[in-house]
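Coordinates in review
Chain by chain, the residues:
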Amino acid sequence: PHRSGQGSSAIIGRFSMRFAGMLVALCLSACQAQDHRVRAEDYDAFWLWAGVTPQPVLDRAKTIYVLEGEIRGEGKPYLVRLRPGTPSVEHARVWIVYRVETINWGDDILPKIREDIARWKAAGNRVVGVQIDFDAATKGLKDYASFLAKVRAALPENMQLGITGLLDWSAQGDSADLNRLAAIVDEVVLQTYQGRHTIEGYENYIGSLKRLKLPYRIGLVQYGKWKAPDHLARDPEFKGYVVFLLNPD
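For the structure given in this document, a descriptive report is provided here. (Residues numbered from 1 in each chain as written. Predicted model: local features only at pLDDT ≥ 70, side-chain atom pairs only at ≥ 80, totals over all residues. Heavy atoms only, no water.)

So, the layout of surface pockets
- Volume-wise, the largest pocket comes out at about 380 Å³.
- Lining the largest pocket are 16 residues, and of these Asp 135, Leu 166, Gln 191, Tyr 193 and Gln 194 lie nearest its centre.
- Where the lining of the largest pocket is concerned, the elements lending two or more residues are strand E6 (160-166) and strand E8 (193-194).
- For the lining of the largest pocket, the class distribution of residues is eight nonpolar, four polar and four charged. (1 Å grid on protein atoms, 1.4 Å probe; cavity = no way out; pocket = protein on both sides within 12 Å on 5 of 7 lines; lining within 4 Å. Points joined across faces, edges and corners; volume = space filled by probe spheres on them. Helix = DSSP H or I, 4+ residues; strand = E, 2+ residues; numbered from the N terminus. Nonpolar A, V, L, I, M, F, W, Y, C, P; charged D, E, K, R; others polar.)

Thoughts on the packing of aromatic side chains
- This structure, assessed with the given rule, holds 14 aromatic pairs.
- Plain terms: the ring middles of Tyr 65 and Trp 95 are 5.5 Å apart, the flat faces sit at 15° to each other, and that makes the pair stacked. One end of the pair, Tyr 65, is in strand E2 (residues 63-72); the other, Trp 95, is in strand E4 (residues 93-100), and 30 residues separate them in sequence. Taken individually, Tyr 65 and Trp 95 each receive the classification buried, so the pair is uniform in this respect.
- Through pairs of rings, three or more aromatic residues link up here, namely Tyr 43, Tyr 202, Tyr 216, Trp 226, Phe 238 and Tyr 241. (Phe/Tyr/Trp six-rings, centres within 6.5 Å; stacked < 30°, edge-to-face > 60°. Buried < 20%, exposed > 50% of the residue type's maximum accessible area, 1.4 Å probe, protein only.)

A short note on the nonpolar core
- Trp 105, Ile 132, Tyr 144, Leu 148 and Trp 226 are the most contacted members of the largest nonpolar core, which totals 77 residues.
- Considering every element that reaches this core, the biggest residue donor is helix H3 (residues 141-154), with seven residues.
- In this structure Trp 226 touches His 36, Val 38, Tyr 43, Thr 192, Tyr 202, Ile 206, Ile 218, Leu 220, Leu 232 and Tyr 241, once residues within four positions along its chain are discounted. (Core = buried A, V, L, I, M, F, W, Y, C linked by side-chain atoms within 4.5 Å. Contact = heavy atoms within 4.5 Å.)

Details of the packing of H3 against helix H5 (residues 175-182)
- Contact geometry of H3 with H5 gives a least axis separation of 9 Å together with a crossing angle of 15°. On the basis of their axis angle, the class for H3 and H5 is roughly parallel. As for the relative orientation of H3 and H5, their crossing is left-handed in sense. Contacts from Leu 141, Lys 142, Tyr 144, Ala 145 and Leu 148 of H3 reach H5 at Asp 177, Leu 178, Arg 180 and Leu 181.
- Broken down by class, the residue content of the contact of H3 with H5 amounts to six nonpolar, no polar and three charged. (Axes fitted to C-alpha atoms, helices over the stretch in contact; angles between N-to-C directions. Parallel < 35°, antiparallel > 145°, perpendicular 65-115°, else oblique. Left-handed = near helix turned anticlockwise from the far one by under 90°.)

The following block contains the structure:
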């Protein structure tokens, strides 16, 4: 027959301690995972895409990359402006961003970009540069550099030119092609994410960033995973982070 007493109390006690230990382990694991999530409040540079609601962190931002429009179409590319009005940002440096589907531009696009720069400046924005957001294939960097040289030549004096880049540029890109980019652009922001999620295995690419001989930033996605390697802060070409803001789920 079942006998209650000291033996069963000991069993219950051991079970309780084991259960409590499991809870502590789970809590520590969850806390560590949370620590490696990208909190926008910890950064001061952000992308603001069309359709994303501005967040309070933008009020104290030092740099904001604002999507103005997209260059679409293959046969006859055209500029589509995505903002109903001109932003007015007085407290931060502003980059005007263009999402690009093709680099085979006609003669009418660059004049429109110059118009945008003048309009944004007239609205009180401290426009420091234009960023081209184009997913150039690693093997196509030579042609991309030639395209960017034309964009650079068309920009107003003292206007910087920046680009977004893919992580595998640093690991697989030809050194000569990367050097061509370095002679043309002022910075590259390397994206560690696709869509709303961090790219798995991003750590494998970070060690190759020392091959980049041009100023670069790391692009992070809000709420995504990120743990910076120790050597990154010691790289003289590393200029900080840019967080891609998301609407809450």
